[in-house]
Amino acid sequence: MTATDRERWDRRHAVVSAPVPMPPDALRGRSGLLPAGGAALDLACGSGQVAVWLALRGFAVDAVDVSPVALRGGAALAAAHEVTVRWVESDLDDGLPDGTWDVIVCQRFRDPALYPALAAGLAPGGLLVLTVLSEVGDEGGRFRAAPGELLSAFDELEVLHHEEGNGEATLLARRS
Ligand SMILES: C[S@@+](CC[C@H](N)C(=O)[O-])C[C@H]1O[C@@H](n2cnc3c(N)ncnc32)[C@H](O)[C@@H]1O
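Residues numbered from 1 in each chain as written. Predicted model: local features only at pLDDT ≥ 70, side-chain atom pairs only at ≥ 80, totals over all residues. Heavy atoms only, no water.

## Topic: the state of the cysteines
So, step 1. In this structure the tally under the stated criterion is zero disulfides.
So, step 2. Cys45 takes part in no disulfide bond, and the closest cysteine sulfur to it belongs to Cys106, at a distance of 10 Å.
So, step 3. Judged by its relative accessible area of 4%, Cys106 is buried. (Disulfide = S-S within 2.5 Å. Buried < 20%, exposed > 50% of the residue type's maximum accessible area, 1.4 Å probe, protein only.)

What follows is the structure, given as structure tokens:
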């Protein structure tokens, strides 16, 4: 990522006000699919709403974003809720942190080059929670997933839920 892109994200995060802990969109009404506990990774975590929601459920959370402004917001949210999250300032163009996780969330950030690492990063029984922009129900464009992209990228996993429409694609999948 270029310095200009990072500054653009910092400016966007600087105007986000009063974040609250929130489940990832794909888990709304499906939080029973979450493993009982363990390690969780939230990629491109923004201001940490999902990361803190996971920490409040007892997960040991690693949360990665390129924007220090976003991560400071996340740290403040975690402090307000008296939970600990490991905030990692990193450019995902350089790949994932090392490790395996029981839950990996990546919401509203799409980089197909990371898909193999996302699958490899799931511990046995681990849950992948993805939402990306999709061409389905939208006009298309270079940041959007082609129809069926998530199903074919993660065909080694057990698909628990898949949905495409209104410009978004969602996948919930488990490593058996
Ligand atoms: C649309 S926001 C989504 C934030 C959060 N996942 C959510 O659902 O609210 C995209 C996030 O990706 C981060 N981001 C963009 N490019 C990145 C990169 N190359 N490496 C790490 N984070 C990046 C931005 O700082 C921003 O927080």
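Once you've had a look at it, read on.
## Observations concerning the nonpolar core
So, step 1. Formed by 25 residues in total, the largest nonpolar core has its most connected members in Leu43, Ile104, Leu118, Leu128, Leu130, Leu150 and Phe154.
So, step 2. Each residue touching Leu130, except ones within four places of it in the same chain, is listed here: Cys106, Leu118, Leu150, Phe154, Ala169, Thr170 and Leu171.
So, step 3. The next biggest cluster of nonpolar side chains, apart from the first, holds 24 residues, and it includes Ala26, Val50, Val52 and Val105. (Core = buried A, V, L, I, M, F, W, Y, C linked by side-chain atoms within 4.5 Å. Contact = heavy atoms within 4.5 Å.)

## A closer look at the UniProt feature "domain: Methyltransferase" (unreviewed entry) in the protein
So, step 1. The UniProt feature table records "domain: Methyltransferase" (unreviewed entry) at residues 41-126.
So, step 2. In residues 41-126, the share of helix is 31% and the share of strand is 30%. The end C-alpha atoms are 11 Å apart. (UniProt positions renumbered as here; feature names shortened; annotations may be inferred. Helix = DSSP H or I, 4+ residues; strand = E, 2+ residues; numbered from the N terminus.)

## Here's the deal with the site of the ligand
So, step 1. Taken together, 16 residues lie around the ligand, and His13, Ala44, Asp65, Leu92 and Gln107 are the ones closest in.
So, step 2. The contact in question runs from a nitrogen atom of the ligand to an N or O atom on the backbone of Leu92, over 2.8 Å.
So, step 3. Take Gln107: an N or O atom from its main chain is 2.8 Å from a nitrogen atom of the ligand.
So, step 4. Relative to its unbound accessible area of 590 Å², the ligand is 87% covered by the protein chains.
So, step 5. Because more than half of its atoms lie within 2 Å of the grid, the ligand is assigned to the largest pocket. (Near = heavy atom within 4 Å. Polar contact = N/O pair within 3.5 Å; in protein donor to acceptor, adjacent residues only side chain to side chain. Areas by Shrake-Rupley, 256 points an atom, 1.4 Å probe, with all protein chains shown as cover. 1 Å grid on protein atoms, 1.4 Å probe; cavity = no way out; pocket = protein on both sides within 12 Å on 5 of 7 lines; lining within 4 Å. Sits in = over half its atoms within 2 Å of the grid points.)

## Re the pattern of salt bridges
So, step 1. Counted under the stated rule, the structure contains eight salt bridges.
So, step 2. Between Asp62 and Arg86 there is a salt bridge, with the nearest N and O atoms lying 2.8 Å from each other. Of the two residues, Asp62 is situated in strand E2 (residues 60-65) and Arg86 in strand E3 (residues 85-89); the sequence distance between them amounts to 24 residues.
So, step 3. For Asp62, a relative accessible area of 13% gives the class buried.
So, step 4. For Arg110, the salt bridge is made with Glu149, and the minimal N-O distance between the two is 2.8 Å. Of this pair, Arg110 sits in the loop between strand E4 (101-107) and helix H4 (115-120) while Glu149 sits in helix H5 (residues 149-153), and the two are 39 residues apart along the sequence. (Salt bridge = Lys/Arg side-chain N within 4 Å of Asp/Glu carboxyl O.)

## Quick notes on the sheet that holds strand E5 (residues 122-133)
So, step 1. The seven strands are arranged E3-E2-E1-E4-E5-E7-E6 in an open sheet whose pairing can be described as mixed. Looking at the sheet topology across the chains shown, the edges are occupied by E3 and strand E6 (158-165). Mean inter-strand twist for the sheet, computed between neighbouring axes without regard to direction, equals 10°.
So, step 2. In terms of strand pairing, E5 meets strand E7 (residues 168-174) through seven bridges, oriented antiparallel. Among the inter-strand pairings, Leu133 is bridged to a residue of E7, identified as Glu168. (Pairing = 2+ DSSP bridges. Axes fitted to C-alpha atoms, helices over the stretch in contact; angles between N-to-C directions.)

## Comments concerning the layout of surface pockets
So, step 1. Computed from the structure, the largest pocket encloses a volume of approximately 1,200 Å³.
So, step 2. Forming the walls of the largest pocket are 35 residues, and the residues nearest its centre are Trp9, Ala44, Gln107, Arg108 and Phe109.
So, step 3. At the level of elements, helix H1 (3-14), strand E1 (39-43), helix H2 (49-56) and E5 are the ones that each hand at least two residues to the lining of the largest pocket.
So, step 4. Residue contributions to the lining of the largest pocket peak at five residues, all from H1. (Points joined across faces, edges and corners; volume = space filled by probe spheres on them.)

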